[in-house]
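# Structural features, examined
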Amino acid sequence: EASPPLSLTEGEAMGEIVSVGEVSAKYLSEALGLSKSAVSRLLAILEKQGLIAQGGKTKEDRRLRKYHPTKQGTDISRRDDEARSSVTTKLLETLS
């Protein structure tokens, strides 16, 4: 069964997580320009959907959790990236 497409913000977050491999909420907040509370909600949604998982705590700060993509999260992120790229290409072709 195909999962629904990610929202724009979810897609941006997943793209960043997949690209970097393992991120903290603080890193995502800075990278995406979102508040800490918005990132916290976003991470909870992505984790509930099985797209990310919590890793260990960082060496620098034992309280700081890191998140990494699951295989499903990586696959869905790539699928959504391809779909967005295809739509963008079609739109640009239409404008040419």
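Quick notes on the rules
Residues numbered from 1 in each chain as written. Predicted model: local features only at pLDDT ≥ 70, side-chain atom pairs only at ≥ 80, totals over all residues. Heavy atoms only, no water. Helix = DSSP H or I, 4+ residues; strand = E, 2+ residues; numbered from the N terminus. Contact = heavy atoms within 4.5 Å. Expected span 1.5 Å × (residues − 1). Buried < 20%, exposed > 50% of the residue type's maximum accessible area, 1.4 Å probe, protein only. Arc of directions from axis to C-beta. Core = buried A, V, L, I, M, F, W, Y, C linked by side-chain atoms within 4.5 Å.

Mapped onto the elements of the fold, Ser 24 is located in strand 1 (residues 23–24). Each residue touching Ser 24, except ones within four places of it in the same chain, is listed here: Leu 64, Arg 65 and Lys 66.

Take helix 1 (residues 8–20) next. When the terminal C-alpha atoms of helix 1 are compared, their 18 Å separation across 13 residues agrees well with the 18 Å that a helix rising 1.5 Å per residue should span. Within helix 1 the residues assigned to the buried category are Glu 10, Gly 11, Ala 13, Met 14 and Ile 17. Looking straight down helix 1, one finds its buried side chains confined to an arc of 165°; they lie on one side. Of the exposed residues in helix 1, those oriented more than 90 degrees away from the buried face are Leu 8 and Ser 19.

Further remarks concern the nonpolar core. In this structure, Met 14, Ile 17, Leu 28, Leu 43, Leu 46, Leu 51 and Ile 52 are the most contacted members of the largest nonpolar core, which totals 15 residues. Contributions of two or more residues to this core are made by helix 1, helix 2 (25–32) and helix 3 (36–48). Looking at which element gives the most residues to this core, the answer is helix 3, with 4 residues. Apart from the residues lying within four places of it in its own chain, the contact partners of Ile 52 are Met 14, Ile 17, Leu 43, Leu 46, Glu 47, Tyr 67, His 68, Pro 69 and Thr 70.

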